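Here are the chains, one letter per residue:
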Amino acid sequence: MQFSFRDVEEKDEKLLFEWRNDPIARRWSFDNKPILFNNHQKYLKEKILDKKCLMWIFLLNNDPCGLVRFNIDDSRAILNYSIAEKYRGQKLSSIMLILSRKKICKLFPKIDIYAYTLPENIVSIKSLQRAGFIFKGFEREKNIYLYKCI
């Protein structure tokens, strides 16, 4: 198996729209309402142009299987990620998280990476823990996980 990343591009618009509106992805999102395509288009264009946002498509043997997004703010990065439906249950999330945190730690060697989950999202919690994230607390109905780049 060969893993890699590439930058998100506008041509990924439909693929990412499908992933964002996947029923399971919506179920585990903090705002679980379906996303309208026009709103998605605007959001994606803004994120692609945002210098404080890094978005990568995770590839398995050149097939898109997930998305990782880091919103950078000074000494911290907020992690967001998802795995395509056909790749769920294969523990690819933790591989994607390990590889992406290594990549961002090379770019920003002293950054702290924060990830937020719903407390009942056991699958995401296990993926974060396998990727080296440590539980730091609970805030506004969200679990907080942290990885410190050193």
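Above: the structure in question.
Bear in mind the structure is a predicted one, so any value in this text is a computation, not a measurement.

(A) Spatial organisation of the sheet that holds strand β3 (residues 63-73). Pairing within the open sheet is mixed, and its 7 strands lie in the order β1-β2-β3-β4-β5-β7-β6. Looking at which strands have only one partner, the edges of the open sheet turn out to be β1 (3-7) and β6 (134-139). Taking each pair of neighbouring strands and ignoring which way they run, the sheet shows an average axis angle of 30°. Both β3 and strand β4 (residues 76-83) contribute to a ladder of 8 bridges, which runs antiparallel. Directly across from L67, in β4, lies its bridge partner S82. In the packing of helix α1 (residues 13-20) onto the sheet, the strands contacted are β2 (53-60), β3 and β4, and the crossing angle to β3 comes to about 85°.

(B) A look at the pairing of strand β5 (residues 112-117). Counting buried positions along β5 gives 5 out of 6 residues, so the element sits mostly inside the fold. Relative to β5, β4 runs parallel, the two sharing 4 bridges. By the bridge assignment, L79 is partnered in β5 with A115. Following the backbone out of β4, through helix α4 (residues 92-107) and into the adjacent parallel β5, one traces a crossover that is right-handed.

(C) Structural context of the layout of surface pockets. By volume, the largest pocket amounts to about 1,300 Å³. Lining the largest pocket are 44 residues, with A25, S29, N80, Y81 and S82 sitting closest to its centre. When residues of the lining of the largest pocket are traced back to their parent elements, those giving at least two are α1, α2 (23-27), α3 (37-49), β3, β4, α4, β5 and α5 (122-130). Here the element with the most residues in the lining of the largest pocket is β4; it accounts for 7 residues. Estimates place the volume of the second largest pocket at around 150 Å³. Forming the walls of the second largest pocket are L15, E18, W19, D22, P64, I83, A84, E85, K86 and R88. Examining the composition of the lining of the second largest pocket, we find that 3 residues originate from one element, α1, more than from any other.

Conventions and cut-offs
Residues numbered from 1 in each chain as written. Predicted model: local features only at pLDDT ≥ 70, side-chain atom pairs only at ≥ 80, totals over all residues. Heavy atoms only, no water. Pairing = 2+ DSSP bridges. Helix = DSSP H or I, 4+ residues; strand = E, 2+ residues; numbered from the N terminus. Axes fitted to C-alpha atoms, helices over the stretch in contact; angles between N-to-C directions. Contact = heavy atoms within 4.5 Å. Buried < 20%, exposed > 50% of the residue type's maximum accessible area, 1.4 Å probe, protein only. Right-handed = clockwise from strand over helix to strand, strands pointing away. 1 Å grid on protein atoms, 1.4 Å probe; cavity = no way out; pocket = protein on both sides within 12 Å on 5 of 7 lines; lining within 4 Å. Points joined across faces, edges and corners; volume = space filled by probe spheres on them.

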